[in-house]
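# Analysis of the macromolecular model
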Amino acid sequence: MNSAEEVLDLYFLETRHKLLDVAAFLDRVERAGGTGDFRMQALKKALALLHEEGGSRAEAILQCFSDPTREPVDKAPGKGAAGAWPGGTGA
Amino acid sequence: MKYIEPHAHMVSRTTDDYEKLAFAGCIAVCEPAFWAGFDRSSADGFRDYFDQLMLHEPRRAASYGIDHYCWLCINPKEAEDLALAREVIALIPERLTSPTVLGIGEIGLNKNSRNELTILEEHIALAAAHEQLILVHTPHLEDKYKGTALTLDALEAHGSIRPERVIIDHVEEHTIGMVLDRGFWAGMTLYPDSKCSIPRAVDMLDRYGIDRIWMNSACDWGVSNPMAVPRAVLEMKRRGWDAGRIRKVVLENPAAFMSQSRHFHTGIGT
Ligand SMILES: [Zn+2]
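We now turn to the structure provided with this report. Not measured: the values here are computed from a predicted model.

Bringing the interface of chain B and chain A into the picture now. Facing the 30 residues of chain B at the interface are 31 residues of chain A. Taking both partners together, chain B and chain A bury about 2,700 Å²; carbon and sulfur atoms supply 51% of that area. It is Arg114, Glu142 and Lys146 of chain B that lose the most area in chain B upon contact with chain A, and together they represent 26% of the buried surface on that side. There are five salt bridges connecting chain B and chain A. One salt bridge in this structure joins Lys79 of chain A and Asp39 of chain B, with 3.1 Å as the shortest N-O distance. Taken together, chain B and chain A are joined by 19 residue pairs in polar contact (both at pLDDT 80 or more). Only helix H4 (114-129), helix H5 (144-158), helix H7 (198-208) and helix H8 (228-238) of chain B provide two or more residues apiece to the side of chain B that touches chain A. Sorting elements by how many residues they give to the side of chain B that touches chain A places H5 of chain B first, with five residues. Grouping the constituent residues of the side of chain B that touches chain A by class yields seven nonpolar, five polar and 18 charged.

Below, the structure is given as structure tokens:
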């Protein structure tokens, strides 16, 4: 297992770069007038999870985007996936 | 470093990709049957596809010194039409004796529908009846967590499926725990935009250990990289992994799982 310093040496610049992409994306959506789209709502919920400690942020964010139900659906609504669960917005 | 690519859709790749795999140290590729990016109009489309997997791809791979194996099924994206799915399943039993067929796969769920689940259960029964290994595709993105849970339930409900003969592929941080805890093998798919990045895959190895787990590129007709496994090797080296642990993940583990099929014959040496 690497030390925290080694992890920073390996990944800090890459992570900084990805964070700026997230920030620029949020600015882009705002410039476009903003939206209450369920994907945006899920993304905002997920961003808040970055502050959680305990070493399971990736898992928590994946759960945040996931369909938590257990019953099969009656018919497949097409083939694709949106990346966030429309039922998760509380809307 | 010698490695096995345990999940690749080579029918979608150019011959140049076989050459790249060979240069990178790949000694075997395993190709599950899946969706072609469009729906086939009849079972005949699958008959031809199975021939491509069983006859044509092994020849293409052999010219680069790579062994090619395949898995047969109708994939969940085309399983909503029960009549078509059952026609395709009927093609499978006589093909299971073909010398490069490793088992039934990649079966599973896509949108977690009742028909998909019915066809998954019929595939599980087929595998049990013919004592075949199973390779499971788990759904994408928001559907993965639910689909993985439903799939594990269906496998356990059958009653005679041994979890060590089943690999649940495309696991991520929210599904890997349930897969390993219930005794199944787990596959991590290294994709650029969805599924799992290479650093996250190595994180999961750090957290969950290196038993009953493999990594694959699943390179197909979509955005994907056939060099993902060699890149993961580089990532493990950057993090200071020793050669023995890397070899276990990318070579010994896939060989151990697939050697449970009498059709797998690739020697990995020492
Ligand atoms: Zn696949």
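This next bit is on the packing of aromatic side chains. Applying the stated criterion across every chain, the model contains seven aromatic pairs over all chains. Judged by centre distance (6.5 Å) and plane angle (20°), the ring pair of Trp71 of chain B and Phe257 of chain B falls under stacked. Placement of the pair is Trp71 of chain B in strand E3 (residues 67-72) and Phe257 of chain B in helix H9 (residues 243-258), with a sequence separation of 186 residues. Each member of the pair Trp71 of chain B and Phe257 of chain B is classed as buried. Ring-pair connections join several aromatic residues into one group, and the members of that group are Trp71, Trp185, Trp214 and Phe257 of chain B. The cationic tip of Arg39 of chain A hangs over the ring face of Phe38 of chain A; the distance from NZ or CZ to the ring centre is 6.0 Å. Note that Arg40 of chain B overlies the ring of Tyr49 of chain B, its terminal NZ or CZ placed 4.4 Å from the centroid.

Rules and cut-offs
Residues numbered from 1 in each chain as written. Chains lettered and ligands numbered in written order. Predicted model: local features only at pLDDT ≥ 70, side-chain atom pairs only at ≥ 80, totals over all residues. Heavy atoms only, no water. Contact = heavy atoms within 4.5 Å. Buried area = accessible area lost by both parts, 1.4 Å probe. Salt bridge = Lys/Arg side-chain N within 4 Å of Asp/Glu carboxyl O. Polar contact = N/O pair within 3.5 Å; in protein donor to acceptor, adjacent residues only side chain to side chain. Helix = DSSP H or I, 4+ residues; strand = E, 2+ residues; numbered from the N terminus. Nonpolar A, V, L, I, M, F, W, Y, C, P; charged D, E, K, R; others polar. Phe/Tyr/Trp six-rings, centres within 6.5 Å; stacked < 30°, edge-to-face > 60°. Buried < 20%, exposed > 50% of the residue type's maximum accessible area, 1.4 Å probe, protein only. Lys NZ or Arg CZ within 6 Å of the ring centre and 35° of its normal.

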